[in-house]
Amino acid sequence: MKFVYYWLFVAILIIISNDTDAQSHHQLVKARIDSALTARYYKTSYDTNYVVRPDARLTLKVRLNQSGDNFHVKGDKDGVNSKADLNTNIKTTMSIGASYRGISAALSINPAKIKGVYKDYEFNLAYYSSHLSLDASYHRSTTLAGDIKGGNAIGHLEAGDVKMKMANLAGYYVFNHRRFSYPAAFTQSYLQRRSAGSWLAGISYQGGSIETTDEFKEKTPKANDLYIHIGLFGIGGGYGYNCVLGKWLIHLSMLPTFVIYNNNYMTVNGERKDAKCLSFSMIFNERAAVIYNFSPRYFAGATLTMSNSFIDNDLTVNQNKWRARAFVGMRL
């Protein structure tokens, strides 16, 4: 019996030893990963007199987001001027985000979507680095509604009468990237220590379609079957500035782009009408942010991004896409 107890004790020691080795290996791998992330986190091309990394491993944020689209459409068909002012439902989401050494993840919920009230679909992507930044969105909506006018007749489009598919993109290149930081204003992954600005170069794109739905055609048989195609691409330059006032950071930037490619056209009852050569058309991209740092650990703020077009043509589709965000956060 003592022999059995002896070998049972030896087996337990081997298991404990193996488990200890596994834990040691796990801790070693974890330490190496953390060391690599830390080296990457603090490696920066910024001038540290102006921009630095927060001295924290983990950043947590709670955010309230809102976004929407509105359109002004104007055209001339057989000598009859028509126009429409349309708006989508506003999308509201709440999100919780975490960032560990610059690696971020977030979870968002849309209360109206959960209740079945909001049925549109929207995807947003934002990327901010020292040199480059990108704002992209795709919005699919059947809630576009508003007043329309054709000649002397005035009508109203209700939600479900038309459907919209629209993509927007704005890309920026920052020239003074050593002293001016977009991430400091929009992701709080850096801290702007001194005021600085930068000239910007960039591109803009707006593309998609608006068309009447089958439901609208069924309930209004005499109405025109309408399809509007939007395709605009522009290049240009602008300026951005980060103003540091004590614990406040205020950001403003604008990137106007001149449209060099236009593929707008309208089809009414199967008859297509292309937009004429552009005389003066632009896409404007604006950004704004206000951040307040209560302490090195706690902060709060709000951001706004907008993209709107100005088109001088016989067929105009002026779009205003916006996204606003308010947040509070802490660094650990």
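Just so we're clear, the structure is a prediction, and the values are computed from it rather than from any experiment. (Residues numbered from 1 in each chain as written. Predicted model: local features only at pLDDT ≥ 70, side-chain atom pairs only at ≥ 80, totals over all residues. Heavy atoms only, no water.)

Caption draft 1: Just the environment of Ser133, in detail. Turning to its location among the elements, Ser133 is positioned in strand S7 (residues 132-141). Look at Ser133 and you get buried, because its relative accessible area is 4%. Along the chain, Ser133 and Gly202 lie 69 residues apart, while their C-alpha atoms are 9.4 Å from each other. Engagement of the side chain of Ser133 in a polar contact is seen with the side chain of Arg287, the distance being 3.1 Å. (Helix = DSSP H or I, 4+ residues; strand = E, 2+ residues; numbered from the N terminus. Buried < 20%, exposed > 50% of the residue type's maximum accessible area, 1.4 Å probe, protein only. Polar contact = N/O pair within 3.5 Å; in protein donor to acceptor, adjacent residues only side chain to side chain.)

Caption draft 2: The arrangement of the layout of surface pockets in detail. A volume near 1,400 Å³ is recorded for the largest pocket. If you go around the largest pocket, you meet 50 residues; those closest to its centre are Arg63, Ser104, Ala126, Tyr128 and Thr187. When residues of the lining of the largest pocket are traced back to their parent elements, those giving at least two are helix H1 (2-42), strand S2 (58-77), strand S4 (91-100), strand S5 (103-109), strand S6 (121-128), helix H3 (182-186), strand S18 (298-312) and strand S19 (316-331). Grouping the constituent residues of the lining of the largest pocket by class yields 19 nonpolar, 21 polar and ten charged. (1 Å grid on protein atoms, 1.4 Å probe; cavity = no way out; pocket = protein on both sides within 12 Å on 5 of 7 lines; lining within 4 Å. Points joined across faces, edges and corners; volume = space filled by probe spheres on them. Nonpolar A, V, L, I, M, F, W, Y, C, P; charged D, E, K, R; others polar.)

Caption draft 3: Region of the structure containing the nonpolar core. Counting residues in hydrophobic clusters, the biggest one holds 22 residues, and the most contacted among them are Tyr172, Tyr182, Phe186, Leu200 and Leu249. Listed by contribution, the elements that provide at least two residues to this core are strand S10 (162-174), H3, strand S12 (196-212), strand S14 (248-262) and strand S17 (280-293). Residues in contact with Leu249, not counting those within four places in the same chain, are Ala184, Ala185, Gln192, Asn242, Cys243, Val244, Ala289, Val290 and Ile291. In terms of nonpolar packing, the next biggest core, distinct from the first, is built from 20 residues, Val73, Met164, Met166 and Ile210 among them. (Core = buried A, V, L, I, M, F, W, Y, C linked by side-chain atoms within 4.5 Å. Contact = heavy atoms within 4.5 Å.)

Caption draft 4: Molecular detail of empty space enclosed by the protein. Applying the stated criterion to the full structure yields one cavity of 30 Å³ or more. Forming the walls of the largest cavity are 17 residues, and the residues nearest its centre are Asp135, Thr305, Met306, Ser307 and Lys321. Among the secondary structure elements, those contributing two or more residues to the lining of the largest cavity are S7, S10, S17, S18 and S19. A total of four residues in the lining of the largest cavity trace back to one element, the largest contributor, which is S10. Per-class residue counts for the lining of the largest cavity are six nonpolar, six polar and five charged.

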